[in-house]
Amino acid sequence: MKPFVLLATRDDDVLADEEYEAVARFGGLNESELHRIRLESGDWPALELDDYSGIIVGGSPFNSSDPPEEKSRAQRRAETWISSLLDEVVARDFPFLGACYGVGTLGIHQGAVVDRTRHEEVGPITVTLTEEGERDPLLADMPREFSAYVGHKEGTRVLPPNAVLLAEGSVCQVQMYRIKNNLYATQFHPELDVDGLVNRIRVYKDLGYFRPDELETVVDRVTNGPAVDQAPRVLSAFVERYRR
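Residues numbered from 1 in each chain as written. Predicted model: local features only at pLDDT ≥ 70, side-chain atom pairs only at ≥ 80, totals over all residues. Heavy atoms only, no water.

J.: An account of empty space enclosed by the protein is requested, with residue identities and associated values reported.
T.: A complete count under the given rule lists 2 cavities of 30 Å³ or more for this structure. Space inside the largest cavity adds up to approximately 290 Å³. Those elements giving two or more residues to the lining of the largest cavity turn out to be α3 (101-109), β7 (145-152) and α5 (194-203). In terms of residues, the lining of the largest cavity owes the most to one element, β7, which gives 4 residues. When the residues that make up the lining of the largest cavity are grouped by side-chain class, the tally is 14 nonpolar, 9 polar and 4 charged. In this structure, the second largest cavity occupies an estimated 40 Å³ of space. Looking at the second largest cavity, the residues that line it are V23, I56, V57, G58, L97, A99, P190, E191 and L235. Those elements that provide at least two residues to the lining of the second largest cavity are β3 (54-57) and β4 (96-99). (1 Å grid on protein atoms, 1.4 Å probe; cavity = no way out; pocket = protein on both sides within 12 Å on 5 of 7 lines; lining within 4 Å. Points joined across faces, edges and corners; volume = space filled by probe spheres on them. Helix = DSSP H or I, 4+ residues; strand = E, 2+ residues; numbered from the N terminus. Nonpolar A, V, L, I, M, F, W, Y, C, P; charged D, E, K, R; others polar.)

J.: Residue-level account of the packing of aromatic side chains, with values.
T.: The tally for this structure, following the rule as stated, stands at 5 aromatic pairs. Geometrically, the ring pair formed by F4 and F238 is tilted, given 5.9 Å between the ring centres and 55° between the ring planes. Of this pair, F4 sits in strand β1 (residues 4-8) while F238 is found in helix α7 (residues 233-242), placing the two residues 234 residues apart along the sequence. The exposure classification of F4 matches that of F238, with both residues buried. (Phe/Tyr/Trp six-rings, centres within 6.5 Å; stacked < 30°, edge-to-face > 60°. Buried < 20%, exposed > 50% of the residue type's maximum accessible area, 1.4 Å probe, protein only.)

J.: How would you sum up the environment of R38? Please name residues and give values.
T.: Mapped onto the elements, R38 comes out in strand β2 (residues 34-38). Classification of R38 by relative accessible area gives buried; the value is 19%. Put simply, R38 and D115 are 77 residues apart on the chain and 25 Å apart in space, counted from C-alpha to C-alpha.

J.: If you had to explain unusual backbone geometry to someone new, which residues and values would you point to?
T.: Notably, D93 is not glycine yet its phi reads approximately 55°, a positive angle. Counting through the fold element by element, D93 comes out in the loop between α2 (73-92) and β4. On the basis of relative accessible area, D93 is assigned to the buried category, the value being 14%.

J.: Any details on the environment of V14? Residues and values, ideally.
T.: The residue V14 is located in helix α1 (residues 13-27) in this model. Of the residues examined, V14 reaches a relative accessible area of 53% and is grouped as exposed. Separated by 185 residues in sequence, V14 and N199 place their C-alpha atoms 9.3 Å apart.

J.: Please set out the side chain of H152 residue by residue, giving values where relevant.
T.: Within the secondary structure layout, H152 lies in strand β7. Owing to a relative accessible area of 5%, H152 belongs among the buried residues under this scheme. Only 3.5 Å separates the side chain of H152 from the side chain of Q187, close enough to count as a polar contact. Beyond its immediate chain neighbours, meaning those up to four positions away, H152 contacts C100, R118, H119, E120, C172, Q187 and Y209. (Polar contact = N/O pair within 3.5 Å; in protein donor to acceptor, adjacent residues only side chain to side chain. Contact = heavy atoms within 4.5 Å.)

The analysis is restricted to geometry; functional conclusions fall outside its scope.
Okay, structure coming up:
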């Protein structure tokens, strides 16, 4: 099998490794089947799409919609590289699954409006499939409603003109969409379980997702919230559909 590749942008080594492990675990992949490129490092090998089964983009402390002058040099360089890669990915309709930060990178590349009017507090939400989502092969075995974890400062206000809305939420309506046949993006995190999210909450407590004095309240909302056991199936379905 050709491996999948995870494009990551977390500069915290512990969280970066946890994200990699979670994507591999929920995707049913071993170490040889999931390569990783840490874009925040600025040290990127050449990426030949024909060497891979598909691309997965993880979440990030980066915000795609921030003005260029407010972005770090590392973010600007990473986004220039991703945008160039997406030129080829979209042209070839190459299998792509972007989660959270990935919805912003693919969306902006394809003409979406991504801004801070659709932010959501950290925790579980209810995701509802649209009629198109119920027909989509990646979501064929998913229940019409399921719980998923979110936590983001920006979201998609206007879909890319060529996108099909697959799943909705109540605050940030755009929770998942498809472009062409094989390009997918989710606002929710299909790679997160309770422990993974709590660890991110504690590490990112000063990054503005919530007030620092709300830390334990946010942790409690996650640990005592509804079970999130269906959302990770999006990852496993993506891997099963595109492994080759």
